[in-house]
Amino acid sequence: MMPHRAVRRHRVSASAFVLAVCGLAQAAAAQEAAPPAPPGPAAPAEDESEIVVTGTIIRGAAPVGSSIISVTATDIEKTGLLTTNDILRSIPQVSGIGLGEAATNTSANNANLNISRANALNIRGLGIQATLTLLNGRRLPVGGFGGQLFDPNSIPAIALARIDVVADGASATYGSDAVAGVANLVLRTDVDRLEVRARYGAADDFSNTTLSGVFGRKWSTGRAMIAAEYGWNDQLLQSDRAPFFLCDQTGVGGINNCVFGGAPGNIVYGTTRFGLPAGSGVGVTQAQLSTTPNRLQTSLFQTVIPQNKRLNIVASLRQDVSEQLTAWAEGFLYQRKGQFYTGSPAVNAVSVPNTNPGFVTVAGQSATAQTVEYSVYNDWNDGRLAFTTERGVQAAGGLDLKLGENWTASASITYNNNYAQVFRTGEINTQQYALAVRCTVAGFCLNPYGSGGTTANRSALDRIMGFTNFRIWYDATIANAQIGGTLASIGGGDIKLAVGGQYMKETLYAFNTTNAGARPVDLQQIIPTAEFGQSRKIKSAFAEVIVPLVGAGNAMRGVQALEANLAVRHDDYSDFGQTTNPKFGLKWEPIDGLALRGSYGTSFRAPTLSDNDPRSTPSLGASNTAAGAGRNVLTLLGGNADVGPETASTWSFGIELKPSLIRGFTASFNYFGIDYKNVIDTLGNSASVFSDPALASFVTLSTDPTFAARLADIQSKINVGFYQPPTQFALYTNGGTTPNVYAIVDGRKRNVGRIKMNGLDFSLAYQFPTGDLDWTLGVTGTRVFSYKLQAVPGAALVDRVNNVNFPLKFRARGQIGFQAGGWSVNSFYNYTNAYRVVSLLGNNLFNPAIVAPATQNERVAANMTVDATITYTFAQDSGPLRDLSLSLAAQNVFDKDPPFARVSQNQIFDSANASVLGRMVSLELRKKF
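Residues numbered from 1 in each chain as written. Predicted model: local features only at pLDDT ≥ 70, side-chain atom pairs only at ≥ 80, totals over all residues. Heavy atoms only, no water.

The element strand β4 (residues 160-166) is extensively covered by neighbouring structure, given that five of its seven residues are classed as buried. Relative to β4, strand β1 (residues 69-72) runs antiparallel, the two being bridged by four bridges. From the neighbouring strand, serine 70 faces β4, where its bridge partner is aspartate 164. (Buried < 20%, exposed > 50% of the residue type's maximum accessible area, 1.4 Å probe, protein only. Helix = DSSP H or I, 4+ residues; strand = E, 2+ residues; numbered from the N terminus. Pairing = 2+ DSSP bridges.)

Next comes the structure, spelled out in structure tokens:
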């Protein structure tokens, strides 16, 4: 049974939502409902060179063969969603698997490496690295601490004309990363005055505020636009949703996974623990010790949604220099500052000598030293708090030159820059901690035997609590030139051709420092923990042709239109070599209102500059694993110079219906298939590396003939500072002659995997009037038939669809809405099917089991939440209220809890497919001047 949500500080109730709706209705009722304003003079036709299309490089042409999912500015307003990322995540083809600001307790898609808690897109669940995000068709500055993502919330939603998603391979058009597809954020070109928006949203223990505006002017030879958005939100803690973050899962059919220790902690002798009593920690006797050890609630000082402040600005300018030449410039800048908890200060199991005033003598045990498990969170009076800063900029400009009536040449240059920093506090300097518990330095003593919070303990922390500082920089310069136009005219229409080239140079540099951990002797010693960086150059050539074989001029029975498309792109990378990727498309309209289309192509993803850099976050994961006897395991982590590109073949077949007999009805069905090979992964960094035979190649046991040389190589890299030495054990004993390691695991990045996926996307929409109401009904969704994963070459393909951390079989979003006068009412229905949590129990990432653990196989119930938006727009004759809109929106109207899903040792819901935010109610005001 699901636990009931705990009583919270502020409850956003259903009654409050209803009262707010009534208030909005009463305000609107004072205005006489007016018919829609009569149409004004027709706007001048938009220049073909200015039209932004997605999925093709040919100006003014729609892509052939692939379907496009478009969300317009009007659609965005109807949803009532808060951010650009929320809008994209509402599309069923966009998965929540992997990293995101609200992703918790998951390592799927390396989400545990998202130390800045950024957002990113993941089309079809193939990973954020397989999705390319664009702005007006241009690449964006990548962020994250692997240099592999762009946060869509960096673009003001008020500046967007639409969002296009092509859920199909597109490397023939855009190059690297477009394996699963692309998301193109398209800017508005219609702004000719000032528009402002103010929005406030609230859920239990959480609020979000956004202020935005856009100003534009259009004149006979050009236009200009600038938009800005400033937003901030509270931090939502796991303790605010405590029933969903349980480490003690005995009440829901599991075991107690809470960490041993805390404040008070435990005295440990071998495998025996004695729980310490609460109090000052002075004068504790053996009689006061408990045979039940203390444990620490792991949700303490953990964050669900980080606190964020965002400032985003975007601008564009276009000017005709002459009848033939047009100049343009676009750019944006963004800054995000946030903070979140990464846990309480770690539980330190430290040897405490009898010089400590709290030392407890235990009969039959050592009277000189004992191990104590203790956390200083009460002494520190805070958790491990991370402060994030991310800022980026793009500056782009170019020229469009008309060459006669049908040809245009263009050239552009784009500069991208991103800087990210995570400054994490509450990190323990273990050398100073060990010194403090000895209490041999005057005025420097930490007593770990009580509840903490004493004056002496807090004073000691001034010399113990340090920081870790992560910083990364990314730069890219892209020069692009192309020429396109009508190659020839045939019976079906004009053959369109575009050819061009691109040059790109990108650089990534990271520098991390700390005064915590095992190496710094004190807080004054700040040491680098990682420094890496490299650059590369990419030279590209591309071409595309669209051939209208049959059109209005030569249509025949059974063939009203027939159009073919061929695109190809060649990329030459300075670091790993060359790749060529074609794509073919075909569209056939046998009768009016029916179109059939198909496509086939290849795509690729180049390894990021951190993937193939062996200096990228190199580290040793170390664990002491018992299977009859203690066995020490080393896990190598980081980049790998041998990593090459990922490759994919993609194909699709679709049907589009727009029957003339049912006005306002449209439908589309699209079958897709993907064969994704050489996937870069860290399979050795896996909990099942010792229990899954398919992963045996990642493990070198001490009995292997190559083991001694590998261990010696690791020791030599420790000696030169490439790796930090493990603190759990020494690599050698007996004066450095006897290996003290049972196994070496290679958890570095490698080309290992293969994914074969197929499914069906669908969309149905019907718009129709009834009396004074204009109705909109619709549903979009995706049905995944299979998602077969091959862990390593030669292993069997295993279907993982409908398992946690993999795509669901079925996701859909429905809409029912109507418009009457100034009123617009819309409701949305978000559905995910039932699935299963199938995994291995009893494993931690750095504590691999030598023997196979038990298997978990639990059902997660289907889930549906409802969103609603009510908008009133005042009539044109409303005086100062003219062009004012008021919107009241609610996500998860009925405040539905997420379904039970035991996805980790301290979480019982799946953040990839559900949210613990609860009902979110927001009010938005929009005004045009």
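Those residues of helix α6 (residues 430-438) that sit buried are Gln432, Tyr433, Ala434, Ala436 and Val437. Looking at the buried side of α6, the elements it contacts are β17 (348-353), β18 (369-374) and β20 (407-428). In this structure asparagine 429 caps α6, since a side-chain oxygen of it lies 3.2 Å from the backbone nitrogen of glutamine 431. A positive backbone phi angle near 60° is found at cysteine 439, which sits one or two residues after α6. (Contact = heavy atoms within 4.5 Å. Polar contact = N/O pair within 3.5 Å; in protein donor to acceptor, adjacent residues only side chain to side chain.)

Moving on, we come to the environment of leucine 325. When you line up the elements, leucine 325 lands in strand β16 (residues 325-341). Expressed as a C-alpha distance, the spacing of leucine 325 and glutamine 502, which sit 177 residues apart in the sequence, is 21 Å. Ignoring any residue separated from it by four or fewer positions in sequence, one finds leucine 325 in contact with Gln319, Asp320, Leu399, Asp400 and Leu401.

A word on the pattern of salt bridges. The final tally for this structure, using the stated rule, is 36 salt bridges. Between aspartate 400 and arginine 318 there is a salt bridge; the shortest N-O distance is 2.9 Å. Of this pair, aspartate 400 sits in strand β19 (residues 385-403) while arginine 318 sits in strand β15 (residues 307-320); the two residues are 82 residues apart in sequence, bridging distant segments of the chain. Both residues of the pair, aspartate 400 and arginine 318, belong to the buried class. (Salt bridge = Lys/Arg side-chain N within 4 Å of Asp/Glu carboxyl O.)

For the chain, the mean per-residue pLDDT works out to 88, and 91% of the residues sit at or above 70. Counting contacts from residues 14-46, a segment whose pLDDT is below 50, to residues more than four positions away or on other chains yields 26 contacts. Per-residue pLDDT stays below 50 along residues 841-853; that stretch engages in 38 contacts with residues further than four places along the chain or on separate chains. (pLDDT = per-residue confidence, 0-100.)

Linking two cysteines covalently through their sulfur atoms gives a disulfide. For the structure on display, the rule yields two disulfides. Cysteine 247 shares a disulfide with cysteine 258; S-S distance 1.9 Å. Between cysteine 247 and cysteine 258 the disulfide shows an S-S torsion of about 85°. By sign, it is right-handed. Here cysteine 258 lies in the loop between β9 (236-237) and β10 (259-260) and cysteine 247 lies in the loop between β9 and β10, a separation of 11 residues in the sequence. Here cysteine 439 engages in a disulfide with cysteine 445; their sulfurs sit 2.0 Å apart. Where cysteine 439 bonds to cysteine 445 through sulfur, the torsion about that S-S bond is close to 65°, and the disulfide is right-handed. Judged by relative accessible area, cysteine 439 falls into the buried class, the value being 18%. For the chain, the disulfide bridges join cysteines in the arrangement 1-2, 3-4, where the cysteines are counted in sequence order. (Disulfide = S-S within 2.5 Å.)

Moving on, we get to the nonpolar core. The nonpolar side chains of a soluble globular protein tend to be buried with one another. In terms of nonpolar packing, the biggest core is built from 44 residues, with Leu88, Leu126, Ile163, Phe332, Tyr676 and Met757 touching the most fellow members. Contributions of two or more residues to this core are made by α3 (84-89), β4, β5 (181-187), β8 (222-233), β16, β30 (665-681), β35 (750-770) and β36 (773-790). A total of four residues in this core trace back to one element, the largest contributor, which is β30. Residues in contact with leucine 88, not counting those within four places in the same chain, are Val94, Leu121, Pro152, Ile163, Val165, Ala183 and Leu185. Counting residues in each nonpolar core, the second largest holds 29 residues, with Leu289, Leu296, Val350 and Tyr377 among its members. (Core = buried A, V, L, I, M, F, W, Y, C linked by side-chain atoms within 4.5 Å.)

A contiguous nonpolar patch, built from Leu194, Val196, Phe215, Ile226 and Phe929 and spanning about 420 Å² of accessible area, is present on the exposed surface. Taking relative accessible area as the criterion, valine 196 reaches 31% and is therefore assigned partly exposed. (Patch = residues over 30% accessible without salt bridge, like charges linked within 9 Å, V, L, I, M, F, W, Y side chains within 5 Å. Areas by Shrake-Rupley, 256 points an atom, 1.4 Å probe, with all protein chains shown as cover.)

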